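Per-entry structural report
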Amino acid sequence: MSPSATASLLPPQLHVFVRDWLSANNILLKSRDGHVLIDSGYVRHAPLTLALLASARGIGHAPLAFLVNTHCHSDHVGGNAAIVRRYGCPIAVPAAEAPLIERWDGKALLYDYCDQQIERFAVDHVLPADTTHVWGDLEWQALAAPGHDMGALVFYNAEHRVLISGDALWEHGFGFVMPPEVDAQALPATRATIAMLTALDIRIVIPGHGEPFTDVAAALDRARKRIVAFEADSLRVARHALKVNLMFALLDHQRMRLDGMPEYVARIGIYRDFNALFFRLPPTRFAELLIGELEKAGAAKREVGWLVPA
Ligand SMILES: [Zn+2]
């Protein structure tokens, strides 16, 4: 099904701004009772997030009543501060994420720990799991979806069988998961979350990244296969997490000096810690290994002294 055909299956008051990998999708729920936005993208793209929101497909000059986050990773909450400045609306985050935001835990939230930029914001409301909310004249159940992020929520509308999945389920996979040596709960939680989603009657998924999709059974099947492969090999989980994080940093910085990479992987927490746990390589060799993985995946290339996205 083409993206526009899939979008036409959504209730008319629901609009998805499909973004890239640096910014999560923004989901707008329009209502005369007040417009609600779910997820705000990455901080460097906040001007575009504001422009989309104020566009004709967005809410124009109308106020925004409420901003909700599926989880608090930098690519989902990066526009929060800018949106509050523009609209003065309250922010709601999953209840399990709120303490991390209150103490601004840059390690648990993977901000400075993964070299991700973020502008600080405050939480006004917390969303406990298993609560129901009316946004865009639709009833949404907030369901716990731990795994990629242990405090994440997904939002499910039973009437239209729509799931707003954040990074818990994409058409091809899900957000990277911490290996068992780092968080023993992460993979079992991911398995339980996919089982929970399998039991839901879902017609269309609006993921945190990529186009909305309707072949939900195939996506769940791919997710289960990935979990089986991860459970068999925790080094694979670690390599995947590092590869995804380095690619995110490369897209953020746009290019990175090759001769600065050993210092970078020795300084930034996730690379330093994972190297100590899994690889135990000198920084020069560790940097070479990670760059090689991005090249092998066709995601990055070397260009006269720089690493750049391919
Ligand atoms: Zn995430």
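It should be noted that the structure appears before, not after, this text.
Below: a short report on this structure.

Thresholds, definitions, all that
- Residues numbered from 1 in each chain as written.
- Predicted model: local features only at pLDDT ≥ 70, side-chain atom pairs only at ≥ 80, totals over all residues.
- Heavy atoms only, no water.
- Donors = N, O, S within 2.8 Å, 3.2 Å for Na, K, Ca; no water.
- Tetrahedral: all angles 85-135°; square planar, octahedral: opposite > 155°, others 65-115°.
- Helix = DSSP H or I, 4+ residues; strand = E, 2+ residues; numbered from the N terminus.
- Buried < 20%, exposed > 50% of the residue type's maximum accessible area, 1.4 Å probe, protein only.
- Contact = heavy atoms within 4.5 Å.
- Pairing = 2+ DSSP bridges.
- Axes fitted to C-alpha atoms, helices over the stretch in contact; angles between N-to-C directions.
- Parallel < 35°, antiparallel > 145°, perpendicular 65-115°, else oblique.
- Nonpolar A, V, L, I, M, F, W, Y, C, P; charged D, E, K, R; others polar.
- 1 Å grid on protein atoms, 1.4 Å probe; cavity = no way out; pocket = protein on both sides within 12 Å on 5 of 7 lines; lining within 4 Å.
- Points joined across faces, edges and corners; volume = space filled by probe spheres on them.

Ligation of the zinc ion by protein atoms is provided by His71 (NE2), His73 (ND1), His148 (NE2) and Asp167 (OD), these donors lying 2.1 to 2.3 Å from the ion. One can describe the donor arrangement at the zinc ion as irregular, given that its four donor atoms subtend angles of 85 to 177° at the metal. Summarised as a motif, the one-chain spacing of the donors to the zinc ion is H-x1-H-x74-H-x18-D. Pair noted here: histidine 73 is in the loop between β4 (64-68) and α3 (74-77) and aspartate 167 is in the loop between β10 (162-166) and α6 (186-198), with a separation of 94 residues, a long-range link. For the pair formed by histidine 73 and aspartate 167, the shared burial category is buried.

So, on to the environment of leucine 53. Mapping leucine 53 onto the fold places it in helix α2 (residues 46-53). Once you skip the residues sitting within four places of it in the chain, leucine 53 turns out to touch Leu28, Leu37, Gly58, Ile59, Gly60, Leu64, Ile83 and Tyr87.

This part takes up the sheet that holds strand β9 (residues 153-157). Here we have five strands laid out as an open sheet, ordered β7-β8-β9-β10-β11, and mixed in their pairing. A strand with exactly one partner marks an edge of an open sheet, and here the two such strands are β7 (131-135) and β11 (204-207). Adjacent strand axes in the sheet meet at a mean angle of 25°, parallel and antiparallel pairs treated alike. When β9 meets β10, the two strands line up antiparallel, connected through three bridges. Bridge pairing in β10 links tyrosine 156 to leucine 163.

Attention now moves to helix α4 (residues 80-87). Within the span of α4, buried status applies to Asn80, Ala81, Ala82, Ile83 and Tyr87. The inward-facing, buried residues of α4 abut β3 (35-38), α2, β4, α3 and β5 (91-94). A positive backbone phi angle near 60° is found at glycine 88, which sits one or two residues after α4.

Viewed as axis vectors pointing N to C, helix α7 (residues 216-232) and helix α8 (residues 234-253) meet at an angle of 115°, and their least axial separation amounts to 5 Å. Judged by the angle between their axes, α7 and α8 are roughly perpendicular. Residue-level contacts link Arg226, Ala229, Phe230 and Ala232 of α7 to Ser234, Arg236, Val237 and His240 of α8. For the contact of α7 with α8, the residue count by class is four nonpolar, two polar and two charged.

Let us look at empty space enclosed by the protein. With the rule as written, the count across this model stands at two cavities of 30 Å³ or more. Approximately 40 Å³ is the volume found for the largest cavity. Lining the largest cavity are Ala145, Pro146, Gly147, His148, Asp167, Ala168, Phe174, Gly175, Thr190 and Thr193. Here the lining of the largest cavity is built from residues that sort into four nonpolar, five polar and one charged. Every residue along the wall of the second largest cavity is listed here: Asn25, Ile27, Asp39, Thr70, Ile164, Ser165, Gly166, Ile206, Pro207 and Gly208. Counting residues per element, the ones that place at least two in the lining of the second largest cavity are β10 and β11. Per-element tally for the lining of the second largest cavity: the top contributor is β10, with three residues. Among the residues forming the lining of the second largest cavity, the class breakdown is four nonpolar, five polar and one charged.

As far as function goes, none of this settles anything; it's purely spatial.
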